[in-house]
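The primary structure of each chain is shown beneath.
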Amino acid sequence: MTIKELDLFAVGTRRENGTLSPHIITRIISDDGVVGAGEMSDLSIRNIPDINHLEYILRKSLIGIDPSDPTAIDLIVDGYKGQIGAGVDIAIHDLRAKSLGIPIHDLYGGAYRDRYKICYPIFRQFEEADVAPNVERVGRMLELGFDLFRFYVGGNLEIDNQILHECRDRYGDRFKVKSLDFSRRLDWKSCVAAVERLQWVEPILVESPAPDIPGKAKVRERIRFPVSEHVSDETQAIAFAEGQAVDIFNIATCHQGIKRARQIFAIAQATGISTLIGTTQELSIGTSAQAHLGASVSNLDYPGDAAGAQLYIDDVVKHRVQYENGYLLVPKGPGLGMELDESQLQKLGDRQWTFMQELPLERQEDRGKVGEKVQ
């Protein structure tokens, strides 16, 4: 088996809160007709690639290579970092598993679980007008079975406190907070003060509390909740462990790919650090990769964040990833268990990224729009 075709699809999908996100879908086809799909998400105005050039480079590197030969394929895939490498890695995993007629987790010996708990994101608030729509959003998600929420905080502490109180007053104990996510916005002293102000809501954990390792360690020493942080690669994982900066590694396939994400799980296990599976707010392709990652590792300790398949109005597959009572279900079938919908790829496609022109630059990170990473 060799790679015969490789195509990239630039798509823009709108979230249920109205904001727009860009993704690149990778499609790899073998010479015997097997199709592998991958996804590059968490793209921003600053890191949107020239898709025509990227497609040319990937075709030149990968066409003619045997995707099942790690000595050939891994050297190439490992040369691409971040979202690009992840999108190729996921597609290769999908192709390998489909060619064998097995789900991706069976490439690693089988599944430890067929589902895991996830939370739903509520993006950062800045003014009182932001509160009511998000309180209503929490109610809609509760009706769909999502009872655990990730709140992006630190934009306006008064508003953060207000929305949490309104949610608790309206929904009572049905409403639970998985994490207060500061996205590294605040210095460690400000973060500790904010946690003390909001701790009454009893979050399971605090996410990304300071921009630097010493700051994270200071926060960790001073609060009573475990500290989680996104881990971008193996070097950073070791630095967090050595700096005693975090309790939990937040690991996402759409930043590392499946293979490297599993390596970070191994570092966590060796250093005694807990884990959760984060998100880059993926579509169903990336979310399925997160699901299979979660199925394939033994040391998955906390609820995850992969709610993207529920977050978006449109998707690029014929049948989306499914949730049940707040759990992400691991898709069945070979590979990712997903089938690309060609009509959706065409409907949502825009190789020139012209849909990006409607997005304002200001406060894009904080409103869940394209810009700085909103994970």
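Our structure is the block above this text.
Now for a quick tour of the structure. Keep in mind the model is a prediction, meaning the values are calculated, not measured.

1. Some remarks on the overall build of the chain
A count of helical and extended segments in the chain gives 12 helices and 13 strands. For a compact globule of 375 residues, the expected C-alpha radius of gyration is about 21 Å, and the chain comes in at 20 Å, within 12% of that figure. In terms of overall dimensions, the chain has C-alpha extents of about 60 × 45 × 35 Å along its principal axes. Expressed as a percentage of its 375 residues, the buried residues of the chain come to 58%. Taking contacts inside the chain between residues at least 6 apart in sequence as the whole, the part at least 24 apart equals 73%. In the form shown here, the chain has an accessible surface area of approximately 14500 Å², with 48% of it arising from carbon and sulfur atoms. Averaging the locations of the 43 positively and 55 negatively charged side chains of the chain gives two centres separated by 1 Å.

2. Here's the deal with the pattern of salt bridges
Enumeration according to the criterion identifies 28 salt bridges in this entry. Its salt-bridge partner being Glu-324, residue Arg-115 comes within 3.0 Å of it at the nearest N-O pair. Here the residue Arg-115 occupies a position in strand S4 (residues 115-117), and Glu-324 occupies one in strand S12 (residues 323-324), the gap between them amounting to 209 residues. For Arg-115, a relative accessible area of 31% gives the class partly exposed. Judged by relative accessible area, Glu-324 falls into the partly exposed class, the value being 39%. Between Asp-305 and Arg-150 there is a salt bridge, and its shortest N-O distance comes to 3.8 Å. Highlighted residues: Asp-305 in the loop between helix H10 (284-296) and helix H11 (308-311) and Arg-150 in strand S6 (residues 148-152), separated in sequence by 155 residues. On the basis of relative accessibility, which here comes to 2%, the residue Asp-305 falls in the buried class. Looking at Arg-150, the relative accessible area reads 1%, which means it is buried. What emerges from the salt-bridge pattern is a single network uniting Asp-7, Arg-27, Glu-55, Arg-59, Glu-342 and Arg-351.

3. Remarks on the state of the cysteines
Put plainly, two cysteines are in a disulfide when a covalent bond ties their sulfur atoms together. Across all of its chains, the model carries 0 disulfides by this definition. Left unpaired, Cys-119 is separated from the closest cysteine sulfur, that of Cys-167, by 14 Å. Looking at Cys-119, the relative accessible area reads 1%, which means it is buried. Here Cys-254 is not cross-linked by a disulfide; its sulfur's nearest cysteine counterpart is in Cys-119, at 16 Å.

4. Here's the deal with the nonpolar core
Among the nonpolar cores identified, the biggest contains 82 residues, and Phe-151, Phe-175, Phe-249 and Val-316 are the most heavily contacted of them. If one sorts the elements of this core by residue count, helix H9 (residues 253-271) sits on top with 7 residues. For Phe-151, the contacting residues outside a window of four places in its chain are Ile-122, Val-138, Ile-163, Leu-164, Cys-167, Phe-175, Val-177, Ser-179, Leu-180 and Asp-181.

Quick notes on the rules
- Residues numbered from 1 in each chain as written.
- Predicted model: local features only at pLDDT ≥ 70, side-chain atom pairs only at ≥ 80, totals over all residues.
- Heavy atoms only, no water.
- Helix = DSSP H or I, 4+ residues; strand = E, 2+ residues; numbered from the N terminus.
- Rg over C-alpha atoms; globule rule 2.2 N^0.38 Å.
- Buried < 20%, exposed > 50% of the residue type's maximum accessible area, 1.4 Å probe, protein only.
- Contact = heavy atoms within 4.5 Å.
- Areas by Shrake-Rupley, 256 points an atom, 1.4 Å probe, with all protein chains shown as cover.
- Lys, Arg positive; Asp, Glu negative; His and termini not counted.
- Charge placed at Lys NZ, Arg CZ, Asp CG, Glu CD.
- Salt bridge = Lys/Arg side-chain N within 4 Å of Asp/Glu carboxyl O.
- Disulfide = S-S within 2.5 Å.
- Core = buried A, V, L, I, M, F, W, Y, C linked by side-chain atoms within 4.5 Å.

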